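# Fold and contact review
Now for the letters of each chain:
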Amino acid sequence: MDRTKLLELLNEDLQTEYQSIVQYIQHSATIKGPEYMSTAEELRAHLGQELEHALMLAEQVDFLEGTPTVEVPPISSVTDSRRALELDLELETRQLERYRERVEQTIEMGLPDVAEALRPLLQQTQDHVRDLQAALGL
Ligand SMILES: [Fe+2]
Ligand SMILES: [Fe+2]
């Protein structure tokens, strides 16, 4: 993998974080039902971390001499509580897979500092997957 390809992938990662931010804003404001009493609070906690993830990715892109993207992917507007949480879980699961790959790739490329910067994203994304699985009773 070359630096250009890595930058492309990191910018795609950044887009998925923009998507998380938008989804969590909508979903934490609209989620309803006794089974989701504590869920809105959890989504707001996720939201704060997604902002940190986006910043971290943008900093790494800049450090590697790329330009952090400002493109937000198309996002469906979903206010059915269960469906919203399912979409959040799908996105977090996809991100977990992406960050696992990115940590491996950056180590292989001789960029252990970039891998270290990505490590909190990996751990926190796994936490988010587990929170959403629990909220959905999976
Ligand atoms: Fe994230
Ligand atoms: Fe997350």
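Residues numbered from 1 in each chain as written. Chains lettered and ligands numbered in written order. Predicted model: local features only at pLDDT ≥ 70, side-chain atom pairs only at ≥ 80, totals over all residues.

Before going further, it helps to spend a moment on unusual backbone geometry. The backbone of Glu65 shows a phi angle near 70°, a positive value even though the residue is not glycine. On the neighbour-count criterion, Glu65 (8 C-beta atoms within 10 Å) is exposed. (Buried ≥ 20, exposed ≤ 12 C-beta atoms within 10 Å, placed from the backbone.)

Another aspect to go through is the environment of Arg100. Counting through the fold element by element, Arg100 comes out in helix H3 (residues 81-108). Measuring from C-alpha to C-alpha, the distance between Arg100 and Arg119 comes to 8.9 Å, with 19 residues separating the pair along the chain. (Helix = DSSP H or I, 4+ residues; strand = E, 2+ residues; numbered from the N terminus.)

Moving on, we come to the nonpolar core. Counting seven residues, the largest nonpolar core consists of Tyr24, Ile31, Leu43, Ala84, Leu85, Leu132 and Ala135. Elements represented by at least two residues in this core include exactly H3 and helix H4 (112-135). Ignoring any residue separated from it by four or fewer positions in sequence, one finds Leu43 in contact with Tyr24, His27, Ser28 and Ile31. Among the nonpolar cores identified, the runner-up in size contains six residues, and Leu10, Ala54, Leu57 and Val61 belong to it. (Core = buried A, V, L, I, M, F, W, Y, C linked by C-beta atoms within 7 Å. Contact = placed C-beta atoms within 7 Å.)

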